[in-house]
Structures are given as C-alpha cells and as structure tokens.
Amino acid sequence: MADQDDAQARLDQLTDIIAEETAADVCSIYLVRPSGALELSSTHGLNPEAVHNVRLSRDEGLVGLVSRRARPIAVEDAPRHPDFSYKPETGEEPFKSFVGVPILRGGRLVGVLTHQTKAIRPMTEEEIETLQTVAMLLAEIVASGDLIRAEAFSGLELRPSAPERFQGVALSPGLSRGVAVMYEPHVMSARMVAEDVEVETARLDSAISRLRAGVDQLLESGRVPMGTPSRDVLEAYRMFAHDRGWLDRLREAILSGLTAEAAVERVRNEHRARLMTARDPHFRERLHDLEDLANRLLRHLASESGRPTIERTLPEKAILIARSIGPAELLELDRARLAGVALEEGSRTSHAAIVAKALGIPMVGRVEGALDRVEDGDPIILDGEFGLLHVRPSQEVSEAYDERLKTLAKRYRTYARQREEPAVTKDGQRVELHLNAGLLVELTSLADTGAEGIGLFRTEFQFMVADTLPRLSAQEELYRAAYEAAGDKPVVFRTLDLGGDKVTPFTPATREPNPALGWRALRMGLDRPGLTRYQLRALVRAAAGRDLRVLFPMVTDVSELAAVRAILNQELAHAARHGHEQPRSVQAGIMLETPAIAFSPDACLRIADFVAVGANDLMQYFFAADRQNPRVADRYDFISPSSLRLLQSVRQACARHDKPVSVCGEIAGRPLEACVLTALGYRRLSMAASALGPVKRAIRGMDCERLGAWLASVLDEAETGEETPLRQRLIEAGDSAGLPVEAVDKLGRP
C-alpha cells in the first residue's frame, strides 16, 4: 500500500494481492454509499471501466444478499442462484463459483468482498474464514487514511456520518463540546513468539523499571499534592508495579515462549477473565487499574528510545472515547486540552470518576457501542448532567446546546456578581449557604462561589481510593489541609460513611440483600471501634487550636450517639496525655437520616450539639424507595405533604432544644426545593459547588413569609385528600405563593 501515491492505485494493488493469495479469478471490493447502495470500487478480473460506475442496491444480486444478511454467502454455480443479477458492463459471465463476505466495522456494513472462479467448485470453511479475516483488515483500511480523502471515494459511506445519540450515566458533571479522540491504550505487536527468551526477559525488566520510574516521577513532580485521593491512587499504582505475583506471572509467560508484549497481553486476559466474574464490585473496579498498568507497560515496551511517554498530545477541546480509563492515565493527560471523557464502562464510584470530579472534567459512562460508532475527529457534545453523548450532532441539536451554553454563561456571570452578596430573601430572612466537599480540589470553590463554610466534608473518599487503610499521618494531613483551605470559615467533618455502595479493599466484603439497610456508616464504625478511634485521633490532631465539628452518620438510637461520643472523649483525653494541642472547641453532631430519629429526635437532641439532615437517605427510607435503583428512585417527590410535615417537625424539634440544624444532600441544591426548605424555617443549607449560584439567586428572589403561609394552608388542606401533586400546585401558584421564577426556570435537556 505504501508503494502507491494514489488511493485508488493502493486499493487496486490490494485487490490484486488478495486475488493472487486466494487463487481467485475475480476479486472485487464493493463499498457502501450513503443511500445504502453498493458501489464497485476495485476489481481484479472484471472490466476496469465498471469501477465506480456499477452500483447494486441492497436488494440486488448476491452482493446485496451478503449485505442484507451481514454474513458470508458461498455459491458453487452463481448464475443458477435465484438472487444472481447479471451486469453486462462488468464482463462476469464466464465466472461460476462465488463467495461474498461482509466488510464490517463495529457491526456496521462498510462493504462486501467477493471471490469468484471460472470453475464450479465448493469453498472450504478455512477459505471462507481467511476471506473474513481479510475483510476485517479491509474494514480498518477503507475506513481510515487516504481513501476517505480521495476524490474517487468521496461519495462513499466509509465512516459514520449520521448524527448519533448515546444515553449513558453521568459520572462527573459538566457540559462540553469538542472533537473525538479515540483512546487506544493497547500497543499491539505483530511478533508474538520469542526468538530469545533471555532477551525478552531483559526487555520486560527494563520496561518495568521505566514504568516504576514514571510513577515515581509523577509522584515527586508536585502535580499531585499530598493528602489527596489522586495521590493515594498513584501510591496504589506504585504498589501494583512492585507486586511480585504480577511480575512472576509475566516472567512465566515469557519462559513459555512468548514475547514480552504477548506475555503482558496474556496475563492481562487472565486477570480480566477472573475479575469480570467477581461479584464484589470492588474487584471489578480494580480490573481497570490493572489494565491501565498493563497498557502503560506495553507503551514502555514499544518505546524504542527507552523513555516513558507520560504526556500525550491532544487536540484542543479533546473528548476521549474509551472502553475504560485508569485514574493514573487521566492524571497524565493534558488537562488544558481535555474537555471530557466518555466510557463504554465505568461507575460513579470508580477511581477514574472520583478523579474526574476532582479535576472538574465532565465524564459520561456506559455509552455502549460508542467505540464502534465514533471516529477520530468527529464533533462531539458531552452532557455530564444528563449522561448524554451526541456524536456528529445535527444542526438542531447543536443549536440547542449552543443556546444552553450561552444561557449557562449568562447565568454564571450573574452568579459571579452575586458571589459576595448574602442569601437574603425579599422579606429579609437570612440563609447560610455552605459547600459539600470530599476532595481538597473542591475546596477551591469556596472563594469562587462565596460559600460560607464547608457544611459537609465527606471523609470516606480518601479511604475508597486507597488499597490499604490510610495512615494516621495521611489522614491528619488531609484534614489539616481542609482547615487551611477553608481559612477562617467553619468545616464540618463527617466520619466514615462506608458500606452499601461504598466499598474499600480493607473492610470485609459482605453480600447483603439490601445494602442501604445493612452494615454501614456508624454501625460499621461501632463494630470496628479501632477504625473509628483512628479517624477521630487524626481529626483531633488536625484541629489543634481550631474548632472541631464532627458529624456522625446513620444514627438510629441515642445509645449509638452516646457510644461514639465516648470514643471521641477518649481520643481528646489521649491527645492531652501525649502533649498534643487540643482543639479550641469541640462539637459533635448527628446526621439525621433515619426515620427512627426523625420521628423521635428529643433523646439525641439532648446530647447532640448540632444536626444535619441527610435528606438523600432520609427520603429513601421514608418512602421505602432505593435511591440507587432507577426503577423506583423517581417514584416519590420530596415536595409532598407527608415529607414536608416530617421535615417541619424536625426543624421544630431542633428549635425546641436550641440546636442548629442544616440540610445536606441533593434537595438542598435544587432551587425550588431550597426555597421550600427556607419557607419551612431552615436557615442553613449545604450543597455541591455548582448549586450555590442557582440556589442563592432563587432565595434572593423569594418571599419567605408568603411562601410559608401558602405551604401551611396547603398542608392543612391536604388532609382532605387533594389529588393534584403539591409540586404542580406550587409551580402553578408561582409569584402569588411568593415563589420566584428562578426557582423553576431550569435549562432543559436537548
């Protein structure tokens, strides 16, 4: 192919080679046009003048039959077949036997390869399989390179051109436009059998050394700060790279006669076969880490210079399309050029998703089939809010997203202008807006959003990305860094909320019928008091001279709160005995997220210093609807009489005991729901950074007294059995109920 400058000459030479190697009197390549017709694009043995002049419909001839069935067709005497279609201009009347195989790329028909002889003869299965292999390679050749740009092939459907839409799962929020970059981590080698085992072993050892050096270099470069989950991920990689079991398997594969590259592929496949059948989702997530490591090792083996290729050259606004990606790979990409990531696999709790959120990179997962239908350079719209991937978007979709981006930009400018202004309703009610965070990089949003503090710092992320229990020094360093990032603003640390869908490699993996109701959070912490003491010790040390606010999740009984407060007191005494500076003040709060406490809060409120309503879990338990289950997660509405009465009673109980109360979770970050919470009397809300601007804008436009009165009257009426949903009635009431238009003005899903 490289000997010819002309694309047509290259394809013709390739056709001649296929004919010669397969002993064919005729070999032809038909390629698909946008209309679905098949155009004779190259031939050996037929009339050359028929090339690009003969076209067959999908219902015409044996070639059409192959394209319709998308599988090989073999006929000993073609002219006698009922589907045979004779084209005089081709000059194919002398030829009898016919074999046609589809040229498929990712399940899409690119064309048909035909093989004909003058003699009537059957084709063996081996011959047909050979032609299928050739067709597979042809698919890659015709769908890329010079053929696409050649004038003679300009009207052919050599690569997808129609708009396509993939519905996936939102893994990291954000909206971006860019160009597709196919992420091909594999570096395949044509040489599979080792000529010299000692040479291959030496190549492997050298590549492993460079791999380790590359990870060390990234760790020591300062790009990944101490105490961050990204740092813990790379530390885990360093452990993987020194794992004796993995290295022994690689060397055993080379001793069996494979090259270093083939050995890496074999061991990778063995791990994949085992881990894909594992029931524990943690092991399936580790598969991505192992594959990432194998990909990096393959690239080191392929590097002739012996220097690791850590940085990749990306085009501007690159959107990666991949089956999966490891967190270390993501960290090494040029963040200035990376606009988003779309994965055929992936989960919300994967290492890569955690890192993507920390870096502010939109990510969508489970876009099945994207690798087959997307080509390098395709225009892409990635919607990390709704989990959508638009490939080669139509003009209508592009215009809709252009408007959405413009509106977003306009709103962001409004949010920025209001950043330093307090969240005060039109009738003078002051509301504190705080930030939810779990990674240090998220704390940079404090200054950008004007948040008044960290209302919820989730400490479990550091544990979820580590393969061993984080050391006391690492935990202390993370919590101290959170204090420093917050400055003089308050920080509330929630203790470990592990279990359920949050697993770690160092906590026992248990299969439970309903993990959301199982062994998790404080239940696990009290059953493993050493783990709880370890974390509280780090928090006490980090809070030296500062205010320590600790929040305990999943409290179901006052005895649990008393037990964990006793552990906290033990750690305060331990710090004093060992000469550590004490916190300036200590407050212990409860995450109110179980109906047991919501309906009878007084006992806990007597010993708790503050309350944070964990609305996500509280509502799922209240409505008996698993929020992780898409079949039932949207079966209930927070804005309903029963849930509003519950939250109102909780707020009133906290007022009776003079205990501060806030609401955390998704409902606090939705403008309409935030207005309703404010009208119920809540004056402290904590939410994601992206929600602070919209919520503040809505609160500043609401009339709190009028909305509160409207809700009170409607809740009284609800006893009579009003069938119209409360949300609908509230939206219809609008301004007359004191509700601002900003509370319901949402950007729709294009």
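Our structure's up above, just so we're on the same page.
Let me sum up the structure you'll find in this document. All of these numbers come straight from a predicted model, not from anything done at the bench.

## Some details on helix α23 (residues 641-656)
At step 1: Across its 16 residues, α23 extends 22 Å between first and last C-alpha, which sits within 8% of the 22 Å expected from 1.5 Å per residue.
At step 2: Every buried residue of α23 is accounted for by Ser-643, Leu-644, Leu-646, Leu-647, Val-650, Ala-653 and Cys-654.
At step 3: Directly after α23, the chain includes Asp-658, whose backbone phi takes a positive value near 55 degrees.

## Let's talk about unusual backbone geometry
At step 1: Located in the positive-phi region is Lys-317, a residue other than glycine, with phi close to 55 degrees.
At step 2: Relative to the assigned elements, Lys-317 resides in the loop between α9 (281-302) and β10 (318-322).

## Quick word on the pairing of strand β16 (residues 430-437)
At step 1: With respect to burial, β16 is a largely interior element, 6 of its 8 residues being buried.
At step 2: As paired elements, strand β15 (residues 423-424) and β16 share 2 bridges and run antiparallel to each other. Each residue of the ladder has a partner; that of Ala-423, found in β16, is Val-431.
At step 3: Count of turn residues in the β15/β16 antiparallel hairpin: 5 residues, of which Gly-428 carries a positive phi of about 90 degrees.

## Quick word on the pattern of salt bridges
At step 1: With the rule as written, the count across this model stands at 32 salt bridges.
At step 2: Between Arg-121 and Glu-127 there is a salt bridge whose closest N-O contact spans 3.0 Å.
At step 3: The salt bridge involving Glu-476 is made with Arg-480; its shortest N-O contact spans 2.5 Å. Taken as a pair, Glu-476 and Arg-480 lie in helix α16 (residues 472-486) at a separation of 4 residues, close to a single helical turn.

## Details of helix α18 (residues 529-542)
At step 1: In a regular helix each residue adds 1.5 Å, so 14 residues correspond to 20 Å; α18 covers 20 Å between its end C-alpha atoms and thus fits that length.
At step 2: For α18, the set of buried residues is Leu-531, Thr-532, Gln-535, Leu-536, Ala-538, Leu-539, Val-540, Arg-541 and Ala-542.

## Regarding a nonpolar patch on the surface
At step 1: On the surface, Ile-731, Val-741 and Val-744 cluster together into a nonpolar patch covering about 230 Å² of accessible area.
At step 2: Counting through the fold element by element, Ile-731 comes out in helix α27 (residues 726-733).

## Brief notes about the packing of helix α24 (residues 671-679) against helix α25 (residues 689-700)
Any two packed helices are characterised by how steeply their axes cross, that is the angle between the axes, and by the distance between the axes.
At step 1: Contact geometry of α24 with α25 gives a least axis separation of 9 Å together with a crossing angle of 50 degrees. By the criterion of interaxial angle, the relationship of α24 to α25 is oblique. Considering the relative orientation of α24 and α25, their crossing is right-handed. The residues of α25 that touch α24, namely those facing Pro-671, Ala-674, Cys-675 and Thr-678, are Pro-694, Val-695, Ala-698 and Ile-699.
At step 2: Class assignment for the residues of the contact of α24 with α25 results in 7 nonpolar, 1 polar and no charged.

## A short note on empty space enclosed by the protein
At step 1: Per the counting criterion, the structure on display carries 5 cavities of 30 Å³ or more.
At step 2: Counted as a void, the largest cavity has a volume near 140 Å³.
At step 3: Listing elements by their share of the lining of the largest cavity, those giving two or more residues are α2 (61-69) and β6 (108-117).
At step 4: Tallying contributions element by element places α2 first for the lining of the largest cavity, with 3 residues.
At step 5: The computed volume of the second largest cavity comes to approximately 120 Å³.
At step 6: The wall of the second largest cavity is formed by 13 residues, among which Leu-496, Ala-521, Gly-525, Thr-532 and Gln-535 lie closest to the centre.
At step 7: If you list the elements that add at least two residues to the lining of the second largest cavity, you get α17 (521-527) and α18.
At step 8: Class assignment for the residues of the lining of the second largest cavity results in 9 nonpolar, 4 polar and no charged.

## Details of the packing of aromatic side chains
At step 1: Overall, the coordinates contain 5 aromatic pairs when judged by the stated rule.
At step 2: Aromatic side chains Tyr-483 and Phe-493 sit 5.2 Å apart centroid to centroid with 65 degrees between the ring planes, which places their arrangement in the edge-to-face category. A residue pair is termed long-range when its members are at least 10 positions apart, and Tyr-483 in helix α16 and Phe-493 in strand β18 (residues 491-494) qualify at 10 residues. With respect to burial, Tyr-483 and Phe-493 carry one shared label: buried.
At step 3: Every member of this aromatic cluster is reached through a ring pair, and the members are Phe-457, Tyr-479, Tyr-483 and Phe-493.

## Focus: the environment of Asp-609
At step 1: Mapped onto the secondary structure, Asp-609 falls in the loop between α21 (602-607) and β21 (610-614).
At step 2: With a relative accessible area of 26%, Asp-609 lands in the partly exposed category.
At step 3: Ignoring sequence-local partners within four residues, the contact set of Asp-609 consists of Arg-565, Val-586, Gln-587, Ala-588, Lys-659 and Pro-660.
At step 4: Among the polar contacts listed, one links the side chain of Asp-609 to the side chain of Arg-565, at a separation of 3.3 Å.

## Focus on the packing of α16 against α18
At step 1: Orientation of α16 relative to α18, taken along the N-to-C sense of each, is 45 degrees, at an axis distance of 8 Å. In terms of orientation, α16 and α18 fall into the oblique class. For α16 against α18, the interelement crossing comes out right-handed. When α16 is examined against α18, the residues Leu-472, Gln-475, Glu-476, Tyr-479, Arg-480 and Tyr-483 are found in contact with a partner set consisting of Tyr-534, Gln-535, Arg-537, Ala-538, Leu-539, Arg-541 and Ala-542.
At step 2: The residue inventory of the contact of α16 with α18, partitioned by class, reads 7 nonpolar, 2 polar and 4 charged.

## Digging into the sheet that holds strand β13 (residues 379-383)
Strands belonging to one sheet form pairs held by backbone hydrogen bonds; the direction of such a pair is parallel or antiparallel.
At step 1: The strand order across the open sheet built from 8 strands is β7-β14-β13-β9-β10-β11-β12-β8, with neighbouring strands paired in mixed fashion. Of all the strands in the sheet, the pair left with one neighbour each is β7 (164-167) and β8 (169-172). Within this sheet the neighbouring strands show an average axis-to-axis angle of 30 degrees, counted without direction.
At step 2: Relative to the sheet, helix α13 (residues 395-417) contacts β9 (175-182), β13 and β14 (388-391), its axis offset from that of β9 by approximately 130 degrees.

## Focus: a positive patch on the surface
At step 1: Together, Arg-58, Arg-68, Arg-69 and Arg-71 make up a positively charged patch on the protein surface.
At step 2: Among the structural elements, Arg-69 can be located in helix α2.

Criteria and thresholds
- Residues numbered from 1 in each chain as written.
- Predicted model: local features only at pLDDT ≥ 70, side-chain atom pairs only at ≥ 80, totals over all residues.
- Heavy atoms only, no water.
- Helix = DSSP H or I, 4+ residues; strand = E, 2+ residues; numbered from the N terminus.
- Expected span 1.5 Å × (residues − 1).
- Buried < 20%, exposed > 50% of the residue type's maximum accessible area, 1.4 Å probe, protein only.
- Pairing = 2+ DSSP bridges.
- Salt bridge = Lys/Arg side-chain N within 4 Å of Asp/Glu carboxyl O.
- Patch = residues over 30% accessible without salt bridge, like charges linked within 9 Å, V, L, I, M, F, W, Y side chains within 5 Å.
- Areas by Shrake-Rupley, 256 points an atom, 1.4 Å probe, with all protein chains shown as cover.
- Axes fitted to C-alpha atoms, helices over the stretch in contact; angles between N-to-C directions.
- Parallel < 35°, antiparallel > 145°, perpendicular 65-115°, else oblique.
- Left-handed = near helix turned anticlockwise from the far one by under 90°.
- Contact = heavy atoms within 4.5 Å.
- Nonpolar A, V, L, I, M, F, W, Y, C, P; charged D, E, K, R; others polar.
- 1 Å grid on protein atoms, 1.4 Å probe; cavity = no way out; pocket = protein on both sides within 12 Å on 5 of 7 lines; lining within 4 Å.
- Points joined across faces, edges and corners; volume = space filled by probe spheres on them.
- Phe/Tyr/Trp six-rings, centres within 6.5 Å; stacked < 30°, edge-to-face > 60°.
- Polar contact = N/O pair within 3.5 Å; in protein donor to acceptor, adjacent residues only side chain to side chain.
- Lys, Arg positive; Asp, Glu negative; His and termini not counted.
- Charge placed at Lys NZ, Arg CZ, Asp CG, Glu CD.

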